[in-house]
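# Close look at the chain arrangement
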Amino acid sequence: KFSVIPHGVEPGTSQSEAAPTNLLYVGRLIPSKGADALIRAIGLLSRTHKDVRLTIVGSGLISYQRKIRALTRQMGLTKRIRWVKKSKYEAVQRMYTSYGAVIVPSTKESFCLVALEAMANGVPLISTLSGGLKEFVNDQNAQIISTVTSPDIARAIKAFWNNPSLTKNRVHNARSTAARYNWSSITLQYESLFTNLNKVEGQ
């Protein structure tokens, strides 16, 4: 018998007031996370939105990092994309509300804590529904990326920009979603699990 208990998050005390064109990616830099497609999407958007910016936080495969940094240079995006090495948990939590949206362009995911953290911190989420993301991400609490291609990522970001009232509702719903994963609730699930295990062992 298996018991699945999801990761918890701390509820945020503030909400993003940053410009919607100031975007954030947090995660491992590996092909399945879709950072290369996201960079190309920024290139597409930059043609009509001169103020679009992206911060990429994370580390990963050296070969892939070289590839996407080279892509950034080739597309003339070095002034639009900022690179931050993998940071401590507390530092990342402080970063969220400084951005207008968090982008999760993954083709594969197990659970994706970053998406849940964005929700908990009141930051608009633009995400795929890959893997475990579909367990808590939907079009009521996030702007959905239909496929991990540069045009579709760009379209999702534009849709987010063009619908501020819908985004406001989604952020509200996202906080409610994240509240279900509050550490106080998750802790109770662990306590219940271990209590039941002790009862079984004592029989």
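Residues numbered from 1 in each chain as written. Predicted model: local features only at pLDDT ≥ 70, side-chain atom pairs only at ≥ 80, totals over all residues. Heavy atoms only, no water.

### With respect to unusual backbone geometry
Backbone phi values are negative for most residues with the exception of glycine, while trans is the configuration of most peptide bonds. The phi angle at Cys112 is positive, at roughly 75°, despite the residue not being glycine. Its place among the elements puts Cys112 in the loop between strand S4 (101–104) and helix H4 (113–120). (Helix = DSSP H or I, 4+ residues; strand = E, 2+ residues; numbered from the N terminus.)

### Overview of H4
For H4, the buried fraction is high: seven of the eight residues fall into the buried class. Every buried residue belonging to H4 is among Val114, Ala115, Leu116, Glu117, Ala118, Met119 and Ala120, and all of these are buried. Of the surrounding secondary structure, the elements contacted by the buried residues of H4 are strand S1 (22–26), helix H3 (89–95), S4, strand S5 (125–127) and helix H6 (164–179). Two residues or fewer after H4 comes Gly122, characterised by a positive phi angle close to 70°. (Buried < 20%, exposed > 50% of the residue type's maximum accessible area, 1.4 Å probe, protein only. Contact = heavy atoms within 4.5 Å.)

### Some remarks on the pairing of strand S3 (residues 81–84)
Summarising the sheet, strand S2 (residues 53–57) and S3 pair through four bridges and their orientation is parallel. Pairing of Leu54 across the sheet is with Ile81, part of S3. Once you follow S2 into helix H2 (residues 62–74) and on to S3, the crossover reads as right-handed. (Pairing = 2+ DSSP bridges. Right-handed = clockwise from strand over helix to strand, strands pointing away.)

### So, the pattern of salt bridges
Side-chain pairs of opposite charge can arise where the charged atoms are in close proximity. This model, assessed by the stated rule, comprises three salt bridges. A salt bridge links Asp36 to Arg40; the shortest N-O distance between them is 3.9 Å. Of the two residues, Asp36 and Arg40 are both situated in helix H1 (residues 35–45); the distance of four residues between them amounts to about one turn of the helix. We classify Asp36 as buried; its relative accessible area is 16%. By relative accessible area, Arg40 is classed as partly exposed at 34%. (Salt bridge = Lys/Arg side-chain N within 4 Å of Asp/Glu carboxyl O.)

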